[in-house]
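# Residue-level structural notes
As a plain string of letters, each chain reads:
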Amino acid sequence: MTAYDEHRLAELIKALPPAPQAWVEAAQELPLARGRLDEIVARAEADLAFRDALIANLEEALRLEGYEPDAILLDELRRRLES
Amino acid sequence: MARCRAGDEDAWRELVSRFSRYVFAICSQAFRLRTEDAEEVFQEVFARTYQHLEKLRDDDAIRAWIGQLTRRLCIDHLRSSSREEIVDPDALPGGVDDAMETLDEAFAVHEAMGELTENCREILDRFFARDESYQTIGAALEIPSGTIASRISRCLARLKEIFEGRNPPSHASS
């Protein structure tokens, strides 16, 4: 076993600084984002006019409907709408 | 993990919190991605982890799974980028394998810190991982800054006991 003296432990604590808080919060909100995504996709499948608006201008259509078009939501929606 | 699979949002938040430093360190230290690239990989790792929760039955293997996923996504990112300076990740100084090994050890140490008192955990984390001064730590934790050095020493000694208890010589982790 490697010798883990206090100096080595200190180095290893230092090796993992916190990730930027905003990144962590964005990842933590994934379930919420996933819920919004499912809701939008379901609406797009049921409402062709909404789907056309999303395809024409995704960001604008989401804003008009009261959704905050963050990067994760936009990327995932583009992928789902194209499939 | 079971709570995450059951859709418990608090459990998911804990999981992200638990692995966020590890994923961040692989991106920024082992592969030295630029900040914007590291953020992209970071989010992709957790998005895929969330998608694959159902398949991650072996709770003990999740650290290795997340480590491998992060590594793979970093390599994909480097290869698909137009940057010419780093095409072969194995050509990085010190090598990715050495860096990954150190980060795995660091993750194990941070897990062991979970068994320290909250005060000890905060002091060690603030001083070593967040690089805060004695004065800042003293003010934040409402303790005299003149006592921080001795507290760090005591907390490190306690951490050593805990870590050795979790990693006895006959069952040393790699």
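Only a predicted model underlies this, so the values are computations on that prediction, with no experimental measurement involved. (Residues numbered from 1 in each chain as written. Chains lettered and ligands numbered in written order. Predicted model: local features only at pLDDT ≥ 70, side-chain atom pairs only at ≥ 80, totals over all residues.)

### Description of the interface of chain B and chain A
Heads up, the rule is: Contact between two residues is assigned when their C-beta atoms, built from the backbone, lie within 7 Å. The way it works is that DSSP assigns letters per residue, a run of H or I at least four long becomes a helix, a run of E at least two long becomes a strand, and they are numbered from the N terminus. In this count, Pro and Cys sit with the nonpolar residues alongside Ala, Val, Leu, Ile, Met, Phe, Trp and Tyr, while Asp, Glu, Lys and Arg are called charged and the others, Gly among them, polar.
Counting residues at the interface gives 37 residues for chain B and 21 residues for chain A. At the level of elements, helix H2 (9-30), helix H3 (35-51), helix H5 (96-113), helix H6 (118-129) and helix H8 (148-166) of chain B are the ones that each hand at least two residues to the side of chain B that touches chain A. For the side of chain B that touches chain A, the element with the highest residue contribution is H2(B), accounting for ten residues. Class assignment for the residues of the side of chain B that touches chain A results in 22 nonpolar, six polar and nine charged.

### Description of the nonpolar core
Put simply, the rule is: For this analysis, nonpolar core means a set of buried Ala, Val, Leu, Ile, Met, Phe, Trp, Tyr and Cys residues linked through C-beta atoms within 7 Å. Any residue with 12 or fewer other C-beta atoms within 10 Å of its own C-beta is exposed, any with 20 or more is buried, and the rest are partly exposed; the C-beta atoms used are placed from the backbone. The source of the domain bounds is an automatic or database domain assignment.
B:Tyr22, B:Val23, B:Ile26, B:Cys27, B:Phe42 and B:Leu124 are the most contacted members of the largest nonpolar core, which totals 54 residues. For this core, the secondary-structure elements that each account for two or more residues are helix H1 (6-14) and helix H2 (21-28) of chain A together with H2, H3, helix H4 (62-80), H5, H6 and H8 of chain B. If you tally residues by element for this core, the top one is H2(B), at eleven residues. For this core, the domains that each give at least three residues are domain 1 (1-93) and domain 2 (114-174) of chain B. Ignoring any residue separated from it by four or fewer positions in sequence, one finds B:Cys27 in contact with B:Leu33, B:Ala38, B:Val41, B:Phe42, B:Thr70 and B:Cys74.

### Side note on H3(B)
Which entries qualify depends on this criterion: The span you would expect from a helix comes to 1.5 Å times its residue count less one. This arc describes the spread of directions from the helix axis toward the C-beta atoms.
The terminal C-alpha atoms of H3(B) lie 24 Å apart, and with 17 residues this matches the ideal 24 Å at 1.5 Å per residue to within 8%. Those residues of H3(B) not exposed but buried are B:Ala38, B:Glu39, B:Val41, B:Phe42, B:Val45, B:Phe46 and B:Thr49. Projected onto a plane normal to the axis of H3(B), the buried residues spread over an arc of 170° and lie on a single side. H3(B) presents B:Glu36 and B:Gln51 as exposed residues on the side facing more than 90 degrees away from its buried surface. Contacts made by the buried residues of H3(B) are with H2 and helix H3 (30-46) of chain A together with H2 and H4 of chain B.

### Describing the environment of B:Leu15
All names here are of chain B. Here Leu15 is to be found in helix H2. Judged by local crowding, Leu15 falls into the buried class, with 22 C-beta atoms found within 10 Å. On a C-alpha basis, the gap between Leu15 and Glu142 in space is 29 Å, while along the polypeptide they are 127 residues apart.

### Topic: the packing of H1(A) against H5(B)
In helix packing, the relevant descriptors are the interaxial angle and the interaxial distance, both defined with respect to the helix axes. Selection rule: Angles here are taken between N-to-C directions and fall from 0 to 180 degrees, while the axes themselves are lines fitted to C-alpha atoms, restricted in helices to the stretch in contact. Angles are sorted into four bins: roughly parallel if under 35 degrees, roughly antiparallel if over 145, roughly perpendicular if 65 to 115, and oblique for all others.
Viewed as axis vectors pointing N to C, H1(A) and H5(B) meet at an angle of 100°, and their least axial separation amounts to 8 Å. Accordingly, the angle class assigned to the pair H1(A) and H5(B) is roughly perpendicular. Contacts between H1(A) and H5(B) involve A:Leu9, A:Leu12 and A:Ile13 from the first element and B:Glu105, B:Ala106 and B:Val109 from the second. Residue composition of the contact of H1(A) with H5(B), grouped by class: five nonpolar, no polar and one charged.

Taken by themselves, the reported measurements are silent on function.
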